[in-house]
Amino acid sequence: MNSIQVGVLMGSSSDWDTMQHAVQVLQDFGIEHEARVVSAHRMPDDMFAYAEAAALRGLRAIIAGAGGAAHLPGMLAAKTVVPVLGVPVASKHLSGVDSLHSIVQMPKGVPVATFAIGAAGAANAALFAVAMLACDNPELRHKLEAFRVQQTAAARGMTLPA
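A few points on the structure.

Conventions and cut-offs
- Residues numbered from 1 in each chain as written.
- Predicted model: local features only at pLDDT ≥ 70, side-chain atom pairs only at ≥ 80, totals over all residues.
- Heavy atoms only, no water.
- Axes fitted to C-alpha atoms, helices over the stretch in contact; angles between N-to-C directions.
- Helix = DSSP H or I, 4+ residues; strand = E, 2+ residues; numbered from the N terminus.
- Parallel < 35°, antiparallel > 145°, perpendicular 65-115°, else oblique.
- Left-handed = near helix turned anticlockwise from the far one by under 90°.
- Contact = heavy atoms within 4.5 Å.
- Nonpolar A, V, L, I, M, F, W, Y, C, P; charged D, E, K, R; others polar.
- 1 Å grid on protein atoms, 1.4 Å probe; cavity = no way out; pocket = protein on both sides within 12 Å on 5 of 7 lines; lining within 4 Å.
- Points joined across faces, edges and corners; volume = space filled by probe spheres on them.
- Pairing = 2+ DSSP bridges.
- Core = buried A, V, L, I, M, F, W, Y, C linked by side-chain atoms within 4.5 Å.
- Buried < 20%, exposed > 50% of the residue type's maximum accessible area, 1.4 Å probe, protein only.
- Phe/Tyr/Trp six-rings, centres within 6.5 Å; stacked < 30°, edge-to-face > 60°.
- Lys NZ or Arg CZ within 6 Å of the ring centre and 35° of its normal.

## Some remarks on the packing of helix α1 (residues 16-28) against helix α5 (residues 119-134)
Link 1 in the chain: Packing of α1 against α5 brings their axes to within 7 Å, and their N-to-C directions diverge by 30°. On the basis of the axis angle, α1 is roughly parallel to α5. In the crossing of α1 with α5, the sense of the turn from one axis to the other is right-handed. Contacts between α1 and α5 involve T18, M19, H21, A22, V25 and L26 from the former and A119, A122, A123, A126, L127 and V130 from the latter.
Link 2 in the chain: Its residues assigned to classes, the contact of α1 with α5 comprises 10 nonpolar, two polar and no charged.

## Considerations on the layout of surface pockets
Link 1 in the chain: For the largest pocket, the calculated volume is near 320 Å³.
Link 2 in the chain: Along its surface, the largest pocket is lined by 19 residues, and S12, D15, R42, G67 and G68 are the ones closest to its centre.
Link 3 in the chain: Grouping the constituent residues of the lining of the largest pocket by class yields seven nonpolar, 10 polar and two charged.

## As for the sheet that holds strand β3 (residues 61-66)
Hydrogen bonding along the main chain pairs the strands of a sheet, whether they run parallel or antiparallel.
Link 1 in the chain: Read across the open sheet, the five strands follow the order β2-β1-β3-β4-β5; overall the sheet is parallel. Among the strands making up the open sheet, the edge pair consists of β2 (33-37) and β5 (113-114).
Link 2 in the chain: Where strand β4 (residues 84-88) and β5 come together, two bridges link them in parallel fashion. In the strand pairing of β5, G86 is matched with T114.
Link 3 in the chain: Across the sheet, α1 touches β1 (6-10), β2, β3 and β4, and the angle it forms with β1 is around 170°.
Link 4 in the chain: Those strands touched by α5 are β1, β3 and β4, and its axis lies near 165° from that of β4.

## Observations regarding the nonpolar core
Link 1 in the chain: Core analysis: the biggest nonpolar cluster contains 26 residues, and V6, L26, F29, I31 and I63 have the highest contact counts within it.
Link 2 in the chain: Taken together, the elements giving at least two residues each to this core come down to β1, α1, β3, β4, α5 and α6 (138-155).
Link 3 in the chain: Of all the elements, α5 adds the most residues to this core, at nine residues.

## Comments concerning the packing of aromatic side chains
Link 1 in the chain: All chains considered together, the criterion is met by two aromatic pairs.
Link 2 in the chain: Ring plane angle 65° and centroid distance 5.6 Å describe the contact between F29 and F147, whose orientation is recorded as edge-to-face. Of this pair, F29 sits in the loop between α1 and β2 while F147 sits in helix α6, and the two are 118 residues apart along the sequence.
Link 3 in the chain: Consider the rings of F115 and F128, whose centres lie 5.6 Å apart with planes at 65°: the pair is edge-to-face. Placement of F115 in the loop between β5 and α5 and of F128 in helix α5 is noted, with a sequence separation of 13 residues between them.
Link 4 in the chain: With a relative accessible area of 15%, F115 lands in the buried category.
Link 5 in the chain: If you follow K79 out to its NZ or CZ, it ends over the ring of F48, 5.0 Å from the centre.

Structure follows, in structure tokens:
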């Protein structure tokens with residue numbers, strides 16, 4: 001079985017500026033992952049093949065970033081039962097609001113969890129994937145709990161020992 005648990009997909013290499021924040025969170029938690037460019041428009045056959053094989057490969061979540069028309073998260077969700085976490089990538093014309101609306105307006109029966117536009121959304125999508133994986137992994141749950149304690153301390157302007 002493949003040890004990769006989370007796929008991080010983007011429709012274009014230009015989406016990396018946003019999606020690298022998801023990858024960084026996954027790395028920080030020691031989650032095996034892969035990052036790929038798989039465009040819903042430019043390489044639909046590759047996208048369908050990825051989605052259709054995701055569950056068999058052992059993926060537990062797919063974080064899909066999409067700018068512009070934002071079809072990637074929804075198209076993936078239509079072709080797999082693996083949870084898809086959608087991240088709107090800011091566009092230069094509409095600042096990512098178009099992508100947000102596209103992802104959040106999926107039809108009934110094609111669920112996509114939708115996160116904030118940009119880097120915060122990418123990081124939160126990865127944290128959500130970590131939380132899903134932590135449900136049946138006590139070690140990972142402990143790491144996530146420690147992260148939350150550190151996050152709260154940082155908000156208070158405190159530094160806790162690691």
